[in-house]
Amino acid sequence: MGLLSIIRKIKKKEKEMRILMVGLDNSGKTTIVLRINGEDTSVISPTLGFNIRTINYQKYTLNIWDVGGQKTIRSYWRNYFEETDGLVWVVDSSDIRRLDDCKMELNNLLKEERLSGASLLVLANKQDIQGALKPAEIAKVLNLDAMDKTRHWKIVGCSAYTGEGLVDGFDWLVQDIASRIYVLD
Amino acid sequence: MDDEEDLSNPKKISNEDSISQKHSAMIERLTNLHQSRLQQQEISRKSDSNLSPSFESTKSFLDRFSSLKQAIETELDRCRNISDRESKSILIKSDLEKISLSISNLEKLVAENSYFLPNYEVRSSLKTISDLKEKLELVNSELLPKKKFAFKSKSSKTKEQNNVVVVNENVIKENDVDSNVKVRDSPGFRDKEGVVLIKHFGDLEEGEFTLENLNSCEIRLIGRLRAIFVHKLKNCRVFVGPIMGSVLIEQVEDCLFMLASHQIRIHHAKKTDFYLRVRSRPIIEDSNGVRFAPYLLVYDGIESDLKECSLYEDTGNWGNVDDFRWLRAVQSPNWSILPEGERSGTVYISKSETSSENS
């Protein structure tokens, strides 16, 4: 029985993916995670610290780390880099003024060696708001095309408010990670 | 051994003579032993001192240490200068290895002499050694950067041509991006001074709104909104109807805000009062002298707007402020509850009043 449970455990572990959600404050990281997990999104305080959600997605178990984006606590992001399979960068598409900040922080993140193997999903959030920039425009401003050619990345427009686009984004992310890690499946 | 044999003598004669004899014999043996030890020590001391004349003298140790240290340093500088002329890396590599060897010899020297050196000297010389090591590491990384490990495909001839094409594409793309980076502005009030700015949001207009660079203005935003961004306001009074999403406030001073929203973030605010109704906990960052009170705004139809935005009930969160710069259990000195005696009364803004002086 002991051995069997160990094998089961390892088997289960193999299907786990560690996903790190980061982005500027007010971009909607926590709302996205709660929306995907089917939780109530009507009362969400700005994240002081981090939240973890374990979500079963297709045949995989996603451990999603949602880390607060306030300026004061951005320096702690690096404590969460280790063993990250997928990186989700969330952008507030309606916050045009801070897109420069957003670009700078993303560039800093992508320089990080510990994240060099992680697939990158850029979520252009708040598409439901009138006047929000389209994903293609965000990609241009963030200069995503100039990224290191070895990086697997995709930008998807979404709305954590309506839920639109979230599944598309996470489908791609999970598939991409799976194809890198579980090639033998 | 002899003693034992004697003792084990079955006759067990214990006369005093034999005992004293044995005693003196033992003393003699012991002194002999001591003598030989001393002699040996003397010899070893001589041989040691031949090898290292600095033995057991702090001053001579320090002299030797500093001269060795200097030699290593000059060697390091030499290596660095060679690199400027882009000389062969193999040569540098062997040189650097030599330096590393002499540093470890220096370390050994300190270790050997540490038992008689004063504590301070040991510590300072160890520090010097670690500095030297660091310097070597630096020079090493400067001169011989490690190649990143990577798999490479062997068929490079055809690939190379492809690569050239890709690079060209990149250049073109980057140029494109540069010219296109200018983004449109979102709707909002910007760059005004000393005016009253009024805007009505109808049922259809559900977007975000920006207040930026305003000085000594009164701003009234009536109706429902999705989000507002506030940036660089001075000495302004801002009254806003219910907001479905979030509010982001940055760099405000000497202002008054009345806001109802799901989320409120306040950065770099000074001496400003906030009258809030908020579903979650408001947060402040890098702010001071900010005070909080409940929402007191009224206009015709605000009740249905509040209901529409699920902001009808007051959660009492207007006073549960998180200061991200004050992560302790005690009350942050940066914010306080506005005392009831100092609060403004209910503010009524008329929906019909549309006159906004030259906005």
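Residues numbered from 1 in each chain as written. Chains lettered and ligands numbered in written order. Predicted model: local features only at pLDDT ≥ 70, side-chain atom pairs only at ≥ 80, totals over all residues. Heavy atoms only, no water.

Student: Would you mind going over the sheet that holds strand β5 (residues 119-125) of chain A with me for this structure?
Tutor: The pairing of strands in a sheet comes from backbone hydrogen bonds and takes either a parallel or an antiparallel form. Residue and element names in this part refer to chain A. One open sheet accounts for six strands, arranged β2-β3-β1-β4-β5-β6; its pairing is mixed. One side of each edge strand has no neighbouring strand; the edge strands of this open sheet are β2 (50-57) and β6 (153-157). Averaged over all pairs of adjacent strands, the angle between strand axes in this sheet comes to 20°, irrespective of strand direction. Lying over the sheet, helix α4 (residues 99-111) contacts β1 (16-23), β4 (86-92) and β5, oriented at roughly 170° with respect to β4. (Pairing = 2+ DSSP bridges. Helix = DSSP H or I, 4+ residues; strand = E, 2+ residues; numbered from the N terminus. Axes fitted to C-alpha atoms, helices over the stretch in contact; angles between N-to-C directions. Contact = heavy atoms within 4.5 Å.)

Student: Just checking my understanding: could you explain the pattern of salt bridges for this structure?
Tutor: Inspection of the entire model under this criterion finds 25 salt bridges over all chains. Salt-bridge contacts for Arg325(B) lead to Asp286(B); the nearest nitrogen and oxygen are separated by 2.5 Å. A residue pair is termed long-range when its members are at least 10 positions apart, and Arg325(B) in the loop between β11 (322-323) and β12 (335-337) and Asp286(B) in the loop between β8 (283-285) and β9 (288-294) qualify at 39 residues. For Asp286(B), a relative accessible area of 26% gives the class partly exposed. Salt bridges here are not isolated pairs; linked through shared partners, they connect Asp25(A), Arg74(A), Asp95(A), Arg97(A), Arg98(A), Glu105(A) and Glu250(B). (Salt bridge = Lys/Arg side-chain N within 4 Å of Asp/Glu carboxyl O. Buried < 20%, exposed > 50% of the residue type's maximum accessible area, 1.4 Å probe, protein only.)

Student: Just checking my understanding: could you explain the interface of chain B and chain A for this structure?
Tutor: How big an interface is tends to be expressed through the accessible area that disappears when the partners come together. With 37 residues of chain B at the contact, the number on the chain A side is 34 residues. Here chain B meets chain A over a buried area of about 3,200 Å², counting both sides, of which 53% is carbon and sulfur. Along the contact surface separating chain B from chain A lie three salt bridges. Our count for the contact surface shared by chain B and chain A stands at 15 residue pairs in polar contact (both at pLDDT 80 or more). Among the elements that line the side of chain B that touches chain A, the one with the most residues is helix α6 (residues 156-180) of chain B, at six residues. Looking at the side of chain B that touches chain A residue by residue, the class counts come to 13 nonpolar, 10 polar and 14 charged. (Buried area = accessible area lost by both parts, 1.4 Å probe. Polar contact = N/O pair within 3.5 Å; in protein donor to acceptor, adjacent residues only side chain to side chain. Nonpolar A, V, L, I, M, F, W, Y, C, P; charged D, E, K, R; others polar.)

Student: Which parts of the structure should I look at to understand the UniProt feature "binding site: Mg(2+)" (unreviewed entry) in chain A?
Tutor: Residues and elements named next belong to chain A. Residues annotated in UniProt with the feature "binding site: Mg(2+)" (unreviewed entry) correspond here to Thr30 and Thr47. The annotated residues occupy 18 residues of the chain but converge on a single region, no pair of C-alpha atoms lying more than 7.5 Å apart. Looking at the secondary structure, you find Thr30 in helix α2 (residues 29-36). Beyond its immediate stretch of four places on either side in the chain, Thr30 contacts Ile44, Thr47, Asn51 and Asp66. Its place among the elements puts Thr47 in the loop between α2 and β2. Within the local environment of Thr47, its side chain forms a polar contact with the side chain of Thr30, the two groups lying 2.7 Å apart. (UniProt positions renumbered as here; feature names shortened; annotations may be inferred.)

Student: Hey, could you run me through helix α5 (residues 119-143) of chain B in this one?
Tutor: Helical geometry note: an α-helix holds 3.6 residues per turn, so side chains three or four residues apart project in the same direction. The end-to-end C-alpha distance of α5(B), which contains 25 residues, comes to 36 Å, matching closely the 36 Å that a straight helix rising 1.5 Å per residue would cover. Regarding α5(B), the residues found buried are Glu121(B), Val122(B), Ser125(B), Thr128(B), Ile129(B), Leu132(B), Leu136(B), Val139(B) and Leu143(B). (Expected span 1.5 Å × (residues − 1).)

Student: Hey, could you run me through helix α6 (residues 166-181) of chain A in this one?
Tutor: Between its first and last C-alpha atoms α6(A) spans 22 Å; for 16 residues at 1.5 Å apiece the expected length is 22 Å, and the two agree. Of the positions making up α6(A), those classed as buried are Leu166(A), Gly169(A), Phe170(A), Trp172(A), Leu173(A), Val174(A), Asp176(A), Ile177(A) and Ala178(A).

Student: In this structure, what is going on with the nonpolar core? I would like to understand it.
Tutor: One recurring pattern in soluble globular proteins is that nonpolar side chains are buried together. One finds Ile219(B), Leu233(B), Phe257(B), Leu259(B) and Phe292(B) to be the most contacted residues of the largest nonpolar core, which totals 36 residues. Put simply, the parts of the chain that give this core at least two residues each are β3 (208-215), β4 (218-222), β5 (227-234), β6 (237-253), β7 (256-278) and β9 of chain B. With residues near it in sequence (within four places) discarded, Phe257(B) still touches Val230(B), Leu233(B), Val238(B), Ile249(B), Val252(B), Thr272(B), Asp273(B), Phe274(B) and Tyr275(B). Grouped together as the second largest cluster of nonpolar side chains are 30 residues, Val22(A), Tyr80(A), Leu106(A) and Val122(A) included. (Core = buried A, V, L, I, M, F, W, Y, C linked by side-chain atoms within 4.5 Å.)

Student: So what exactly am I meant to see when it comes to the side chain of Glu285(B) here?
Tutor: Position of Glu285(B) among the secondary structure elements: in strand β8. This buried residue, Glu285(B), is left without a salt bridge; Arg74(A) holds the nearest opposite charge, at 6.2 Å. Of the polar contacts made by the side chain of Glu285(B), one reaches the backbone nitrogen of Lys71(A); its length is 3.2 Å. Not counting residues up to four positions away in its chain, the partners in contact with Glu285(B) are Gln70(A), Lys71(A), Thr72(A), Ile266(B), His267(B), His268(B), Asp323(B) and Phe324(B). (Lys, Arg positive; Asp, Glu negative; His and termini not counted.)

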